[in-house]
Amino acid sequence: MSRPSIMEPMPVWKRKPLPALEGLDEVQNLFAPPPGLTVRFHRHQPSHEYDGYAAIMSFHGNMPDGSGGKAHGRFVASSAAFWRTHEDAKTLVVDFRDLRYRWGDSLIMLFDRIGRQFDHEWSDIGMQVPIKLLASDNSAGLYSLISDKSVFFDTIEDALISCRADMGRYYEDA
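No experiment lies behind these values; they were computed from the predicted model shown. (Residues numbered from 1 in each chain as written. Predicted model: local features only at pLDDT ≥ 70, side-chain atom pairs only at ≥ 80, totals over all residues. Heavy atoms only, no water.)

## Comments concerning the nonpolar core
Okay, step 1: Grouped together as the largest cluster of nonpolar side chains are 45 residues, with contacts concentrated most on Phe59, Leu92, Val93, Phe96, Leu110, Ile114 and Leu133.
Okay, step 2: The set of elements that each furnish at least two residues to this core consists of strand 3 (37–44), strand 4 (54–62), helix 1 (70–86), strand 5 (91–100), helix 2 (108–118), strand 6 (131–134), strand 7 (152–153) and helix 4 (156–173).
Okay, step 3: With six residues, helix 4 is the largest single contributor of residues to this core. (Core = buried A, V, L, I, M, F, W, Y, C linked by side-chain atoms within 4.5 Å. Buried < 20%, exposed > 50% of the residue type's maximum accessible area, 1.4 Å probe, protein only. Helix = DSSP H or I, 4+ residues; strand = E, 2+ residues; numbered from the N terminus.)

Laid out in structure tokens, this is it:
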């Protein structure tokens, strides 16, 4: 197999159905994650007035405990900032249900990075960038790390409904 030349365009994304996240398409990962961690970028099929309003991603694998997860936290934060920008989305949905996360504070980098990079978009209406999380018993450490329980949802659809409500406020107050 020959390598493409520098002049040949590389495909940026490739769509394929994800049975685990019905109604979404997976986009090929372009990053090299830390050991034991993978990310999937997803697109929903917009069928409402806020097309492309939510960047959706899911993390899979294991997050080391404590400071051992620092590189993983940076990867999560950077991946989220990339995907939100790439999708030109105003909100973010992150699925941690398939990530083993017990304890540590490295995942706070997600909120810090998104806030620093994008909160200016929402500051006029007194809000921060809406970030919705999905967690499970597998990632239960998130529940003790994040005190605002209103960011947690059971399904992608519930998280997207909340994002749509935030977008309504965004456009109403803009």
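From this point on, the discussion continues.
## Observations regarding helix 2
Okay, step 1: When helix 2 is considered as a whole, its buried residues turn out to be Leu110, Ile114, Gly115 and Phe118. With its buried residues spanning 120 degrees around the axis, helix 2 presents them on a single face. (Arc of directions from axis to C-beta.)

## Observations regarding the pairing of strand 5
Remark: a regular strand shows side chains that alternate across the two faces of the sheet.
Okay, step 1: Across the ten residues that make up strand 5, a large majority, seven, are buried.
Okay, step 2: Bridge analysis of strand 4 against strand 5 gives eight bridges, and the strand direction is parallel. Looking across to strand 5, one finds that alanine 54 is bridged to threonine 91.
Okay, step 3: Assessed by its sense of winding, the connection that carries the chain from strand 4 through helix 1 to strand 5 is right-handed.
Okay, step 4: In terms of strand pairing, strand 5 meets strand 6 through four bridges, oriented parallel. Within strand 6, the residue paired with valine 93 across the bridge is lysine 132.
Okay, step 5: Taking the sense of rotation as the criterion, the β-α-β connection linking strand 5, helix 2 and strand 6 turns out right-handed. (Pairing = 2+ DSSP bridges. Right-handed = clockwise from strand over helix to strand, strands pointing away.)

## Observations concerning the environment of arginine 102
Okay, step 1: By the element assignment, arginine 102 lies in the loop between strand 5 and helix 2.
Okay, step 2: Assessed through its relative accessible area of 51%, arginine 102 is described here as exposed.
Okay, step 3: In the structure, arginine 102 is positioned 37 residues away from serine 139 in sequence and 6.4 Å away in space, judged by C-alpha atoms.
Okay, step 4: Excluding its chain neighbours within four sequence positions, the residues that come into contact with arginine 102 are Asp65 and Gly141. (Contact = heavy atoms within 4.5 Å.)

## Focus: the pattern of salt bridges
Two side chains carrying opposite charge are able to pair once their charged atoms lie near each other.
Okay, step 1: Across all of its chains, the model carries six salt bridges by this definition.
Okay, step 2: When the shortest N-O distance is used, the salt bridge between lysine 90 and glutamate 121 registers 3.8 Å. In this pair, lysine 90 sits in the loop between helix 1 and strand 5 while glutamate 121 sits in the loop between helix 2 and strand 6, placing the two residues 31 residues apart along the sequence.
Okay, step 3: Ionic pairing is found between glutamate 157 and arginine 164, a salt bridge with its closest N-O pair at 3.0 Å.
Okay, step 4: A residue is classified by how much of its surface remains accessible, and arginine 164, at 23% relative accessible area, is partly exposed.
Okay, step 5: Through salt bridges with shared partners, one network takes in Arg84, Lys90 and Glu121. (Salt bridge = Lys/Arg side-chain N within 4 Å of Asp/Glu carboxyl O.)

## Focus on the confidence of the model for the protein
When pLDDT is low, close inspection of the predicted coordinates is not appropriate.
Okay, step 1: For the protein, mean pLDDT is 82; residues scoring 70 or higher make up 77% of the total.
Okay, step 2: Low pLDDT, under 50, characterises residues 1–20; the predicted model gives this stretch 19 contacts beyond four residues in sequence or across chains. (pLDDT = per-residue confidence, 0-100.)

## Comments concerning the packing of aromatic side chains
Okay, step 1: Overall, the coordinates contain eight aromatic pairs when judged by the stated rule.
Okay, step 2: On the numbers, 4.7 Å between centres and 50 degrees between planes, the contact of tryptophan 122 with tyrosine 170 is tilted. With tryptophan 122 in the loop between helix 2 and strand 6 and tyrosine 170 in helix 4, the pair connects residues that are 48 residues apart, well separated along the chain.
Okay, step 3: One aromatic cluster is present, built from ring pairs that chain together Phe41, Phe82 and Trp83.
Okay, step 4: Above the face of the phenylalanine 118 ring, arginine 84 is positioned so that its terminal group lies 4.1 Å from the ring centre. (Phe/Tyr/Trp six-rings, centres within 6.5 Å; stacked < 30°, edge-to-face > 60°. Lys NZ or Arg CZ within 6 Å of the ring centre and 35° of its normal.)

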